[in-house]
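Residue strings, one per chain:
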Amino acid sequence: MASTGDVHEDSSVCGGLSYQPLTNGEEAMETNDDDTSQENGNNSSENGKTEETPSLSEQKSIIAPLLNSSLVAGALWYVVDARWLKRWKRYVGLDDDLWSTDYVGSASDNPGPINNSDICTDGALKPVLFDEMDYCLLSGEAWNNFVSWYGISDRVSPIERRVIEIGTLRKLMVEVYGQQIKLCESDEETLITKEFSRTDTFSHVCTVGKEVFQYPAESKCRVWTFLTDYELVTDMTITLDEADVSPGDRIMIERQHADGKWPRATLNNADSGVSSANDLNSSAGAGNTVGQQRSSSNYISSYYSGGSSWYSGNQRPTTPGLCGLSNLGNTCFMNSALQCMSNTRMLTRYLLEEKHVDEINVDNPLGMQGQIAMVYARLLKEIWSGRFSSVSPREFKGVVGRFAPQFSGFAQHDSQELLAFLLDGLHEDLNRIRKKPYVELSDSDGRNDEEVATEAWKAHLKRNDSVIVDMFQGQFKSRLVCPVCNKVSVTFDPFMFLSLPLPIKKTRVIEVTLVYTDPAARPKAFNLSVPKRGTVKHLLQELGKISNIPADQLVCADVYSHRFHKVFRPSEMVSNILDRDVIFAYEVEAEDVGDGDNVTLPVYHREQDLTPRSTYSTYYSYSTPSPTLFGLPFFVTVPRRGTTYEALYEKILFQLSRFVKPERCTPLPEEPATMATPAVESLNSNGSTHGSSMDASDVKQEEADQTDSSHLEQETDNGNGIEADASGSGDEASDDTDAKPSPIADSKVPVLFQLSVVNSYGGTSISKFEKDGHELDLLSHTHVGVDWDDARKKQAYDEEEADAVCENSESEGADAADAVPKKIQLTDCLKLFTTEEQLGEDDPWYCPQCKEHRQAMKKFDIWKLPKVLVVALKRFSYTRQWRDKLDTMVHFPIQGLDLREYVFEPNPQFPAIYDLHAVSNHFGGLGGGHYTAYGLHHDTQKWYDFDDSGVSSITQNELVSQSAYVLFYTRRDVAVPPPAMNGLAGSSNGDASSAGSNSDLAAEASTSEALADAAADATPSEAADEDVSMVDEESADV
């Protein structure tokens, strides 16, 4: 099966594609009216199923490699219910669940015919389903194999999806969901929703539109797209993906009148001369058009001509810059990044004044032919025009998606990733170096740092010289020391982001309650300190050190509502253990003792709900009262072979002996048979029932702690004397000459409970154990129900002792400091970033002196800082086995971030004192959540919250939060308030803009000198006292 990233990206888009005709295995899919199917999966006559089915091992070997099939453009893939595939994996042994080893070949796990009814509605795939969770994708070969082996339910049709290519890089993906597009006529009275593929052309859309509106096939039509205004499509061969048409967009089909006139005039009030849908190549005149100059480097310029813009939005006048951005479908991450960039005054002014036009580098092979710079500049003009309260960044998203297909869909992404792409794209599009020379850097070889840094920076500028370098790039100093020969290597590298780790503990404290096999020992709670990126095995090893129990004799489980909610495999990450989980570790007996074939069984306490019922189950033809779980579930280890009912009973009773005292029982009065019947007595292995009741005269009391088999008593019905067991009637039991005599029958101690086989959650009885002295059929996934007699439970079960737990103990490092983190400042993150550390085993450094890879000591320092400092807090962490988001509060200054003590450049031109001007926020967890932005408006000097299309004012007290993700700072010497942006956004007079710019720059220079002089006179402590404005701790905590 293809991975999620290769398979599809539009998991949040509604709708489903029309089914395609079968190309393979049609004969195997023919309908058969005979619904008979055998339990083992062979010889079924379900639709498409053949007579011979391979063995389970053969099925496994055939399908396993097909689940990782590569995508091929145009190939058909099939959607199948994830639960069906999961069940098949358990059936053939592909499931790695801890308790599933004995499920292989189990009739109860036979998946049966493929049935997708749970993921479909009205014959179509349900909206908003998720890959691997709700459905899985199968290649055609895998699908045809499954159909030939198991058939397909005649209630549903196959769900076929085709592999398509999208984006400039022609990325392959299975199009699980199509585009739901609204079609309308020129009068716009009726909207009809139809589904299209992203690879469908506008010509196909026009053809479908003619059919929908019942136009003659030969009629002449034009196609218009609509977002905030209609735009004429002039190239009918482009696809919906290339035009960045989004789900829910409106497309108008305009039919030409008989007199040759069009219902809609062209944007310049002239007839465009465009005829039929098959001949739409003539010009549409000036105005908004889609499809002009598609293959040229100016492709994007066709979207913005004649003073009208693709971005036309909600035309409500507002303050320039206070303009929201429409959410196009999970694009809040993009909107957040764009608003932060928009409020970066230096770059915004540069683009609004159109200084970028003369610097666009269309020949740079690493760039985007100037398209990113042009489309971003046009978006800024709309944001700062003052004409719109919100605009749609659809054109921007379309261009980004063409050059970075990972952003082309509608999945959630990382705002920092979008920022990195945008800044890098702007840099390459505006790179003043037309032909990059080859530059080779020499090793430091003990030279002065300043000399090496200057050499490295000059070499960098020979290949990279743009406005982005001028404003956003600084320089790191990297120092590596070989641990063997002490070779020192110093390099200087440029950076655009200052990505800071959060100084949090790398360990996590988990409370675990240990349940011993010794029945006399009470459970004991431990606070265990384990690595956050550790596994359950690390947790058990830590517990083993304290308890002196081998880790391989401990089982970790989450207990919820008196049942095992989940049993953790040792290889699972501790991140799968949530803070709200109640974790128990059970000591179990080694399974390799004796004959080496023991089995550990989960056991549940159950009591019967004896409330009389007036209705009966139609399935079993009798009423089965629901049992209620109570107490703590546990494990018991017994021999897999040779264990009888009596032996299992005694083993369980021995394990419960601390709080279960049979000697406390007193004779009970006679009770009706229905009242004394345990839960399991209502259902046996062949579906019949046998009642049993308590004979008070046979119930006797014995000394404490006697758990030998001779101390158990089998109760019989006082009326008919039939022994209650799973073998059938009493006569049948007595005729079984091979049966061993039951020690329970000779016991003088009353039977406290019955034993049954239950489901994994303990709520349903599957069968009752045979009490005939024969060995029980025990598997590792067998769950045992201890079905208590209500009266005996009240006498023998000590609830207070059963719930007793010894006081908490702590492992090394699990102290109060773990639970109460200190207040973290941004400078703490900087100190951690500049702390020396040793390289990991997977990331060694090649020592040129040793000629070997070494785990060198590495240290980062900041050599020089840029004018605009972008600080990314490393809240997200991704590895092959670990995904995490940190919601730790980091306190950062709004004004006066003083970084002078962290800058190693000997004589910086300006002091490294910064003021905050934007914040990108992320709310929620991994794989989702929501992004917003805070921005300081340059004219009003007020802070605003940019939440997609909404803009609202906020106070400084709201800026510092647990959601702050990317921080934008401007160096104080360049943070001079600009003139109003109204004229800049709409001005086309280059001379006026240039003159205004020159005077502003002169003012900035004089102000910068004054600030530099004042800052130079102040000591770092004085500057901190005067300049740092920290949000109050109480108001900042979220």
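A. Just the overall build of the chain, in detail. When helices and strands are tallied, the chain shows 24 helices and 45 strands. Across the 1038 residues in the chain, those meeting the buried criterion constitute 52%. Taking the contacts inside the chain whose residues are at least 6 apart along the sequence as the reference set, 74% of them involve residues at least 24 apart.

B. Representation of the side chain of lysine 864 in the model. Topologically, lysine 864 is positioned in strand S35 (residues 857-864). Within the buried core, lysine 864 has no salt-bridge partner, and the shortest N-O distance to an opposite charge, that of glutamate 905, equals 5.3 Å. In this structure, lysine 864 is in contact with Trp457, Gly474, Gln475, Phe495, Val903 and Glu905, ignoring residues within four places of it in sequence.

C. Representation of the packing of aromatic side chains within the structure. For the coordinates displayed, the defined rule picks out 25 aromatic pairs. Ring centres of phenylalanine 492 and tryptophan 863 lie 5.1 Å apart, and the angle between their planes is 75°; on these two criteria the pair is classed as edge-to-face. Here phenylalanine 492 is found in strand S18 (residues 488-495), whereas its partner tryptophan 863 is found in strand S35, with 371 residues between them in sequence. Here the two residues phenylalanine 492 and tryptophan 863 agree in accessibility, since each one is buried. Grouped by ring-pair contacts, the aromatic residues Phe630, Tyr649, Phe659, Phe753, Trp788 and Tyr797 constitute a single cluster. Across the ring face of tryptophan 262, the terminal group of arginine 222 is positioned such that the distance to the ring centre comes to 4.4 Å. Taking NZ or CZ as reference, lysine 793 lies 4.6 Å from the ring centre of phenylalanine 630, over its face.

D. Spotlight on helix H10 (residues 415-429). Taking 1.5 Å of rise per residue, 15 residues should cover 21 Å, and H10 covers 21 Å from first to last C-alpha, within 8% of that figure. By the criterion of burial, H10 is predominantly enclosed, with 12 of the 15 residues buried. Within H10 the residues assigned to the buried category are Ser415, Gln416, Leu418, Leu419, Phe421, Leu422, Leu423, Gly425, Leu426, His427, Glu428 and Asp429.

E. Main features of a nonpolar patch on the surface. A contiguous nonpolar patch, built from Val128, Phe130 and Met133 and spanning about 290 Å² of accessible area, is present on the exposed surface. Within the secondary structure layout, valine 128 lies in the loop between strand S3 (124-125) and strand S4 (135-139).

F. Structural context of the sheet that holds S18. In spatial order, the strands read S18-S17-S35-S32; together these 4 strands make up an open sheet with antiparallel pairing. Two strands bound the open sheet, and with one partner strand each, they are S18 and strand S32 (837-838). Here strand S17 (residues 474-481) runs beside S35; their pairing, made up of 7 bridges, is antiparallel. Counted as the bridge partner of arginine 479 is lysine 859 from S35. Against the sheet, helix H11 (residues 449-463) touches S17, S18 and S35, its axis set at about 40° to S18.

G. Here's a closer look at the pattern of salt bridges. Applying the stated criterion to the full structure yields 30 salt bridges. Note that arginine 606 and aspartate 787 form a salt bridge whose closest N and O atoms lie 2.7 Å from each other. With a gap of 181 residues between them, arginine 606 in strand S25 (residues 598-608) and aspartate 787 in strand S29 (residues 783-788) connect regions that are remote in the sequence. By the burial criterion, arginine 606 is buried, and aspartate 787 matches it. Measuring nitrogen to oxygen at the nearest pair gives 3.6 Å for the salt bridge that ties lysine 794 to aspartate 790. With lysine 794 and aspartate 790 both in helix H17 (residues 790-796) and 4 residues apart, this pair spans about one turn of that helix. For lysine 794, a relative accessible area of 65% translates into the label exposed. Linked by salt bridges that have partners in common, Glu359, Arg432, Asp465 and Asp470 make up one network.

H. Just the packing of helix H7 (residues 345-352) against helix H8 (residues 371-383), in detail. The interhelical angle for the contact between H7 and H8, taken along N-to-C directions, is 100°, at an axis separation of 9 Å. In terms of orientation, H7 lies roughly perpendicular with respect to H8. In this structure, H7 uses Thr348, Leu351 and Leu352 to contact H8, whose residues at the interface are Tyr376, Ala377, Leu380 and Lys381. Residues of the contact of H7 with H8, tallied by class, amount to 5 nonpolar, 1 polar and 1 charged.

I. Up close: the nonpolar core. Counting 58 residues, the largest nonpolar core has Met341, Leu347, Tyr376, Phe396, Leu426 and Phe472 as the members making the most contacts within it. With 8 residues, the single largest contributor to this core is H8. With residues up to four places along the chain from it excluded, the contact list for methionine 341 reads Leu347, Thr348, Tyr376, Leu419, Leu422, Leu423, Leu426 and Phe968. Of all hydrophobic cores here, the second largest spans 43 residues; its members include Ala557, Leu653, Leu778 and Val786.

J. Summary view of the confidence of the model for the chain. In this model, the chain carries an average pLDDT of 74, and 69% of its residues clear a pLDDT of 70 or more. Of the regions scoring below 50 in pLDDT, residues 266-288 engages in 52 contacts with residues more than four places distant in sequence or in other chains.

Calculation criteria
Once a new chain begins, its residue numbering starts again from 1 and follows that chain's sequence as written. Restriction of local features to residues with pLDDT of at least 70 applies here, the model being predicted, together with a cutoff of 80 or more for giving and counting side-chain atom pairs; totals for whole chains, interfaces and linings are based on all residues. Side-chain numbers here rest on the full set of heavy atoms in the structure, without hydrogens or water. Counting from the N terminus, the helices are the DSSP runs of H or I reaching at least four residues and the strands are the DSSP runs of E reaching at least two. Remark: exposure states derive from per-residue accessible area (1.4 Å probe, protein chains only) relative to the maximum for the residue type, with buried under 20%, exposed over 50%, and partly exposed in between. Throughout, a residue-residue contact means that at least one pair of heavy atoms, one from each residue, lies within 4.5 Å. In this tally, Lys and Arg are treated as positive and Asp and Glu as negative; His is ignored, and so are the chain termini. A pair is scored as a salt bridge if a Lys or Arg side-chain nitrogen falls within 4 Å of a carboxyl oxygen belonging to Asp or Glu. Side-chain rings of Phe, Tyr and Trp (the six-membered ring for Trp) are treated as a pair once their centres are within 6.5 Å; stacked means planes under 30 degrees apart, edge-to-face means over 60, and tilted covers the remaining angles. The rule is short: NZ of Lys or CZ of Arg within 6 Å of the ring centre and within 35 degrees of the ring normal puts a charge over the ring. Multiplying 1.5 Å by the residue count of a helix minus one yields the expected span of that helix. Two distance rules govern patches: like charges are joined within 9 Å, and nonpolar side chains (Val, Leu, Ile, Met, Phe, Trp, Tyr) within 5 Å, applied only to residues with over 30% relative accessible area and no salt bridge. In short, Shrake-Rupley with a 1.4 Å probe defines the accessible areas, and a residue's cover is counted only from the protein chains shown. When DSSP locates at least two bridges between a pair of strands, those strands are taken to pair. Simply put, an axis is a line fit to the C-alpha atoms, just over the touching stretch for a helix, and the angle between two N-to-C directions goes from 0 to 180 degrees. Note on angle classes: values under 35 degrees are labelled roughly parallel, values over 145 roughly antiparallel, values of 65 to 115 roughly perpendicular, and the remainder oblique. Polarity classes work like this: nonpolar for Ala, Val, Leu, Ile, Met, Phe, Trp, Tyr, Cys and Pro, charged for Asp, Glu, Lys and Arg, and polar for all others, with Gly in that last group. To form a nonpolar core, buried Ala, Val, Leu, Ile, Met, Phe, Trp, Tyr and Cys residues must be joined to one another through side-chain atoms within 4.5 Å. The predictor's confidence in any single residue is recorded as pLDDT, a number from 0 to 100.

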